Amino acid sequence: MPLPDRMYCAQQINIPPQLPDILKNFTKAAIRTQPKDLLLWSAAYFRALSEGECLPVKDRLEMNVATQKTDTGLTPGLLKILNKQLSPMQTCRKEEVEKKWRGLCLPMDQFEALLSLGGFSSDIDWMGFFALGCSALGGTLLSSLKFACEILTEDEEGGPARIPFNTFVKLYTYLAQLDGDMPQDHIDNFLNSLQAQVELQDGMIKPLDFIHQDDMDLTPARAASRAE
């Protein structure tokens, strides 16, 4: 076999100076996120990196949720990624949500179940979809809202997990009405019972303000079982 006209050695190969840091950050991100399909997730990672979008990377390595079946796919960390990627749009195209969902290697049957449960078509109200995602994590309506607080809060990890009360009201009302068996006066009474504490906290609410009110959480979040 004839030798090639030009011979290359390591000194002749131009390595971009940014490459080592890119690969280092990618490796750390993969370890934190633990994607089920590394190749699929890697494509989503580098696509987001090249387009300057929010990366599909968890903030930290997470354990499975105690109330969550091992095969449900969605976790608080993955839902938090989706919220960072999609919440700025408020209303998202189904194709865009599906692309982000697939990029996190999440099961498509769960995605279709959430779409069906929310009655979404080509356009998706993100906060509604997010609420259904929380219901897939929580065993009850209030535990679903606890997950919502922990995902949406700007407090430090381990802090009170406060969110604006108006956001809480939207999420609670959406899930309670979706359940179908909860009377409107039950919803109103529950929200009114929180108002005094919320006013003391400058319009913010935290899980400790509501999570132990079992009498207001008699109806399970049926959305969770339907989407699993």
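Because the structure is predicted, anything quoted here is derived from the model rather than measured.

Undergrad: Is there a simple way to explain the overall build of the protein in this structure?
TA: The number of helices and strands found in the protein is ten helices and four strands. Counting helices and strands in the order they occur from the N terminus, the protein gives α-α-α-β-α-α-β-α-α-β-α-α-β-α. Going through the 228 residues of the protein one by one, you find that 43% of them count as buried. In the protein, 60% of the contacts between residues at least 6 apart in sequence involve partners at least 24 apart.

Undergrad: Would you take a moment to explain the packing of helix 1 (residues 19–33) against helix 2 (residues 38–50) for this structure?
TA: Describing two packed helices takes the angle between their axes plus the distance from one axis to the other. Two elements in contact, helix 1 and helix 2, have axes separated by 11 Å at closest approach and are oriented at 130 degrees. One element, helix 1, and the other, helix 2, form an angle in the oblique class. Pair helix 1 / helix 2 crosses with right-handed handedness. Contacts from I22, N25, F26, A29, A30 and T33 of helix 1 reach helix 2 at L38, W41, S42, Y45, F46 and L49. Of the residues contributing to the contact of helix 1 with helix 2, the split by class is nine nonpolar, three polar and no charged.

Undergrad: Just checking my understanding: could you explain helix 2 for this structure?
TA: The periodicity of an α-helix, 3.6 residues per turn, causes residues three or four positions apart to be oriented the same way. For helix 2, with 13 residues, the first-to-last C-alpha span of 18 Å sits near the 18 Å given by 1.5 Å per residue. Of the positions making up helix 2, those classed as buried are W41, S42, A44, Y45 and A48. All buried residues of helix 2 lie within an arc of 165 degrees about the axis, which places them on one face of the element. For helix 2, exposure combined with an orientation more than 90 degrees from the buried face picks out L39 and S50. For helix 2, the secondary structure elements touched by its buried residues are helix 1 and helix 4 (94–103). For helix 2, the N-terminal cap is D37; the gap from its side-chain oxygen to the backbone nitrogen of L39 is 3.2 Å.

Undergrad: How should I be thinking about the packing of aromatic side chains in this particular structure?
TA: How two aromatic rings sit relative to each other is set out by the distance from centre to centre and by the angle between their planes. The tally for this structure, following the rule as stated, stands at 16 aromatic pairs. Here F26 and Y45 contribute two aromatic rings whose centre-to-centre distance is 5.4 Å and whose plane-to-plane angle is 65 degrees, an arrangement assigned as edge-to-face. Of the two residues, F26 sits in helix 1 while Y45 sits in helix 2, which places them 19 residues apart along the sequence. For the residue pair F26 and Y45, the accessibility class agrees, reading buried in each case. Plain terms: the ring middles of F168 and F190 are 6.4 Å apart, the flat faces sit at 40 degrees to each other, and that makes the pair tilted. Taken together, the residues F168 in helix 8 (residues 165–179) and F190 in helix 9 (residues 184–200) connect sequence positions 22 residues apart. Looking at F190, the relative accessible area reads 0%, which means it is buried.

Cut-offs used in this document
- Residues numbered from 1 in each chain as written.
- Predicted model: local features only at pLDDT ≥ 70, side-chain atom pairs only at ≥ 80, totals over all residues.
- Heavy atoms only, no water.
- Helix = DSSP H or I, 4+ residues; strand = E, 2+ residues; numbered from the N terminus.
- Buried < 20%, exposed > 50% of the residue type's maximum accessible area, 1.4 Å probe, protein only.
- Contact = heavy atoms within 4.5 Å.
- Axes fitted to C-alpha atoms, helices over the stretch in contact; angles between N-to-C directions.
- Parallel < 35°, antiparallel > 145°, perpendicular 65-115°, else oblique.
- Left-handed = near helix turned anticlockwise from the far one by under 90°.
- Nonpolar A, V, L, I, M, F, W, Y, C, P; charged D, E, K, R; others polar.
- Expected span 1.5 Å × (residues − 1).
- Arc of directions from axis to C-beta.
- Polar contact = N/O pair within 3.5 Å; in protein donor to acceptor, adjacent residues only side chain to side chain.
- Phe/Tyr/Trp six-rings, centres within 6.5 Å; stacked < 30°, edge-to-face > 60°.

Purely spatial values, then, with no claim about function.
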